[in-house]
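Descriptive analysis of the structure
Residues per chain are reported as follows:
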Amino acid sequence: MAAYIIADVTVTDPAAMEEYRKRVPATLAPYGGRFIVRGGAHQTVEGDWKPNRLVVREFPSLEQAKRWYDSEQYREPKAMRLRAGRTNLVMVDGAP
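Please read these numbers as outputs of a predicted model, since none were measured by experiment.

**Section: the side chain of K78**
In this fold, K78 is placed in helix α3 (residues 72-84). With residues near it in sequence (within four places) discarded, K78 still touches Y20, Y69 and D70.

What follows is the structure in structure tokens.
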């Protein structure tokens, strides 16, 4: 079953975040990951949520998503992202 990593990102260092964005795609491929949403316009239609920059990544399974997040390949880019902004992030299984 597909799984998703959904992130709401607030960028505080645009230059560092741009470097992060360049490095991430190569880390996804070994885990079957791909971007579904990478920024772009959005609209809140219910509730009080006011996301800044939304990112959605798809993986073949929740296990693969977790393996990518904890991987050696993603370790350095993840540290870069943490320095470049604030992120709320969830991992979720897709519908069966």
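**Structural notes on the sheet that holds strand β3 (residues 53-59)**
Read across the sheet, 4 strands follow the order β2-β3-β1-β4 without closing on themselves; strand pairing throughout is antiparallel. Two strands bound the open sheet, and with one partner strand each, they are β2 (34-38) and β4 (85-93). If you compare each strand with its neighbour and ignore which way they point, the axes differ by 20° on average. Pairing between β2 and β3: 4 bridges, direction antiparallel. Looking at the pairing, R34 lines up with E58 of β3. Helix α1 (residues 14-28) rests against β1 (3-11), β2, β3 and β4 of the sheet, and its axis sits at about 145° to β2.

**A word on the environment of A79**
When you line up the elements, A79 lands in helix α3. A sequence separation of 59 residues divides A79 from Y20, and the C-alpha atoms of the two residues are 9.2 Å apart.

**So, the nonpolar core**
The biggest cluster of nonpolar side chains holds 15 residues, and the ones touching the most others in it are Y20, V24, F59 and W68. Listing elements by their share of this core, those giving two or more residues are β1, α1, β3, α2 (62-69) and α3. Sorting elements by how many residues they give to this core places α1 first, with 4 residues. Excluding residues within four positions of it along the chain, F59 makes contact with A2, A3, I5, L28, Y31, G32, G33, Q64, A65 and W68.

Rules of the game
- Residues numbered from 1 in each chain as written.
- Predicted model: local features only at pLDDT ≥ 70, side-chain atom pairs only at ≥ 80, totals over all residues.
- Heavy atoms only, no water.
- Helix = DSSP H or I, 4+ residues; strand = E, 2+ residues; numbered from the N terminus.
- Contact = heavy atoms within 4.5 Å.
- Pairing = 2+ DSSP bridges.
- Axes fitted to C-alpha atoms, helices over the stretch in contact; angles between N-to-C directions.
- Core = buried A, V, L, I, M, F, W, Y, C linked by side-chain atoms within 4.5 Å.
- Buried < 20%, exposed > 50% of the residue type's maximum accessible area, 1.4 Å probe, protein only.

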